[in-house]
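# Notes for the structure review
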Amino acid sequence: MSNRRYKIAVLPGDGIGVEIMGVTLEVLEKLGQLCDIDFLFSEALIGGAAIDQTGHPLPPETLELCRYSDAVLLGAVGGYQWDELPSHLRPEQALLGLRSGLNLFANLRPATVFPELIHASSLKPEVITGVDLLVVRELTGGIYFGQPKGIFTSETGEQRGVNTMAYLASEIDRIGRVAFAAAQQRRKKLCSVDKANVLEVSQLWRQRMNALAPEYPDVTLTHLYVDNAAMQLIRWPQQFDVIVTGNLFGDILSDEAAMLTGSIGMLPSASLGATAPGVFEPVHGSAPDIAGQDVANPLAQILSAAMMLRYGLSEPQAAARLEYAVAEVLRQGYRTGDIYTEGMQRLGCKAMGAQVAAALA
Ligand code: NAD
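Residues numbered from 1 in each chain as written. Predicted model: local features only at pLDDT ≥ 70, side-chain atom pairs only at ≥ 80, totals over all residues. Heavy atoms only, no water.

## What to know about the site of the ligand
In the region of the ligand, 21 residues are neighbours, and Glu92, Gly285, Ala287, Asp289 and Asn297 sit closest. Within the backbone of Val77, a nitrogen or oxygen atom sits 2.9 Å from an oxygen atom of the ligand. Between the ligand and Glu92 there is a distance of 2.4 Å, counted from an oxygen atom to a side-chain nitrogen or oxygen. With the chains in place, 68% of the 810 Å² that the ligand exposes on its own is no longer accessible. Looking at the shell around the ligand residue by residue, the class counts come to ten nonpolar, seven polar and four charged. (Near = heavy atom within 4 Å. Polar contact = N/O pair within 3.5 Å; in protein donor to acceptor, adjacent residues only side chain to side chain. Areas by Shrake-Rupley, 256 points an atom, 1.4 Å probe, with all protein chains shown as cover. Nonpolar A, V, L, I, M, F, W, Y, C, P; charged D, E, K, R; others polar.)

## Points about the layout of surface pockets
Empty space among the atoms becomes apparent when a probe as large as a water molecule is rolled across them. Each pocket or cavity is described by its volume, and for the largest pocket that value is around 550 Å³. Contributing to the lining of the largest pocket are 26 residues, with Leu95, Arg99, Glu281, Pro282 and Val283 lying nearest its centre. Put simply, the parts of the chain that give the lining of the largest pocket at least two residues each are strand E3 (71-76), helix H4 (93-101), strand E4 (104-112), helix H9 (247-261), strand E11 (268-273) and strand E12 (279-282). In terms of residue count, the dominant contributor to the lining of the largest pocket is H4 (four residues). (1 Å grid on protein atoms, 1.4 Å probe; cavity = no way out; pocket = protein on both sides within 12 Å on 5 of 7 lines; lining within 4 Å. Points joined across faces, edges and corners; volume = space filled by probe spheres on them. Helix = DSSP H or I, 4+ residues; strand = E, 2+ residues; numbered from the N terminus.)

## Re the domain arrangement of the chain
Split into domains, the chain comes out as domain 1 (1-102 + 276-361) and domain 2 (106-266). The gap between the C-alpha centroids of domain 1 and domain 2 is 25 Å. Contacts between the two partners involve 18 residues from domain 1, matched on the other side by 16 residues from domain 2. Summed over both partners, the interface of domain 1 with domain 2 comes to about 1500 Å²; 70% of that surface belongs to carbon and sulfur atoms. (Domains from an automatic or database assignment. Contact = heavy atoms within 4.5 Å. Buried area = accessible area lost by both parts, 1.4 Å probe.)

## Observations regarding the sheet that holds strand E9 (residues 220-225)
Read across the open sheet, the ten strands follow the order E2-E1-E3-E12-E11-E4-E5-E10-E8-E9; overall the sheet is mixed. On the outer flanks of this sheet lie strand E2 (38-43) and E9, each paired with one strand and no other. Across the sheet, the axes of successive neighbouring strands diverge by a mean angle of 25°, strand direction being ignored. In this sheet, E12 lies alongside E11 in antiparallel orientation, the contact comprising four bridges. Each bridged residue has a counterpart across the sheet, and for Pro268 the counterpart in E12 is Pro282. With respect to the sheet, helix H8 (residues 226-235) is in contact with strand E5 (132-138), strand E8 (189-194), E9 and strand E10 (242-245), its orientation differing from that of E9 by roughly 105°. Across the sheet, H9 is in contact with E4, E5, E8 and E10; its angle to E5 comes to roughly 160°. (Pairing = 2+ DSSP bridges. Axes fitted to C-alpha atoms, helices over the stretch in contact; angles between N-to-C directions.)

## A short note on empty space enclosed by the protein
Per the counting criterion, the structure on display carries two cavities of 30 Å³ or more. As a volume, the largest cavity reaches approximately 100 Å³. Elements with a contribution of two residues or more to the lining of the largest cavity: E8, helix H7 (200-212) and H9. Of the residues in the lining of the largest cavity, the class split is eight nonpolar, five polar and one charged.

## Details of the nonpolar core
The nonpolar side chains of a soluble globular protein tend to be buried with one another. Grouped together as the largest cluster of nonpolar side chains are 74 residues, with contacts concentrated most on Leu108 and Leu322. Two domains each provide a minimum of three residues to this core, namely domain 1 (1-102 + 276-361) and domain 2 (106-266). For Leu322, the contacting residues outside a window of four places in its chain are Val27, Leu28, Leu31, Ile302, Ala305, Ala306, Leu309, Val356 and Leu360. Counting residues in hydrophobic clusters, the runner-up holds 20 residues, among them Val127, Val131, Leu253 and Ala257. (Core = buried A, V, L, I, M, F, W, Y, C linked by side-chain atoms within 4.5 Å. Buried < 20%, exposed > 50% of the residue type's maximum accessible area, 1.4 Å probe, protein only.)

## What to know about unusual backbone geometry
Here the bond from Gln147 into Pro148 is cis, since omega is 0°, no more than 30 degrees from zero. The residue Pro148 is located in strand E6 (residues 146-153) in this model. Of note in this structure, Lys188 is not a glycine but carries a positive phi near 65°. Within the secondary structure, Lys188 sits in the loop between helix H6 (169-184) and E8. The backbone of Ala287 shows a phi angle near 40°, a positive value even though the residue is not glycine.

## Comments concerning helix H12 (residues 349-360)
Given 3.6 residues per helical turn, the α-helix brings residues three or four places apart onto the same face. Under the 1.5 Å per step criterion, the end-to-end length of H12 is 17 Å for twelve residues, consistent within 8% with the ideal 16 Å. Among the residues of H12, Cys349, Met352, Gly353, Val356, Ala357, Ala359 and Leu360 are the ones counted as buried. Within H12, the buried residues cover an arc of 165° as seen down the axis, which keeps them to one side. Those residues of H12 hidden inside the fold are in contact with helix H1 (16-35), helix H10 (299-312), helix H11 (316-331) and strand E13 (334-335). (Expected span 1.5 Å × (residues − 1). Arc of directions from axis to C-beta.)

The structure is reproduced here in structure tokens:
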């Protein structure tokens, strides 16, 4: 028995979630043997599968299991058969429940362009070659949660829609620390994105980021206004290492950054809390159109497991080994249908997982 043992809550969910999770657990078993790590997997219901069996998208026992685990590996939720349910019973509610139940305040979305998949991007190869960046988005504050919010009647009797963008200094500091620490593990460059030329909340954001910087002397901190950041991301994305920003700007910029790569089946993510375990999941959904056909690309789920190792379990070497294996199968010319190009070897979901497991050695 290894002295590195981790309890992993496994939530496959719906659609292709089940297939890509099965493949990922096999890859992790192999990695565990090679790196002397014991993974103790406990599976629980979430999303539509949980609705069908318990009537609730996030049963209390699932949340409980997550709370007492070292990390949560999540597949995807949703599907046509649950689309007509009232919104509080929809599968996607489970994701919000996990976020609030585990107090996940930091969302990490890497955008890595693999040289073999450059054609998948809508941008020119010279613009995206070598892109390897990470967007750190604040997830529980900002304009989506600030008060007052609502549609009110103004003094003139006209309707008035209101949202409030507000951040406490402590909320800025904790997301800032996640981003500085992530930059320390990477190329040590952090770009903070705000709108400090117009918004007071952004002026506080910038002050707090500057105040944190001396704690991380090895990291170079820069600032960009969000409109410029949106332009720079498609003009010269190689300039970025880690980007940190608030909830609204991060929502938009993380999707923009994801599209630099062009392949949704390759994108992992991590959501981290202060004390509770993090949740690691692919960016894509449950893809009901291809579910059950063994054609889904499992690499986003496998790369999410690599993020779990790096950011959730502090096992950077095992994470790097897994990421290397994914890059290696691409180099060897193996492709699932979504990233297939002529001359490559087309594989199904399971066979792709088997190649990653083989490449680990
Ligand atoms: P989707 O990401 O599931 O699929 C979009 C398209 O990309 C589809 O054509 C799909 O076949 C393809 N695709 C996605 N992942 C793939 C993979 N790994 N390999 C190959 N092809 C892949 O988005 P959608 O179709 O808009 O949503 C489907 C369901 O998923 C909905 O119920 C939606 O609410 C839900 N959803 C869940 C999450 C989540 O669990 N985090 C995220 C987004 C959507």
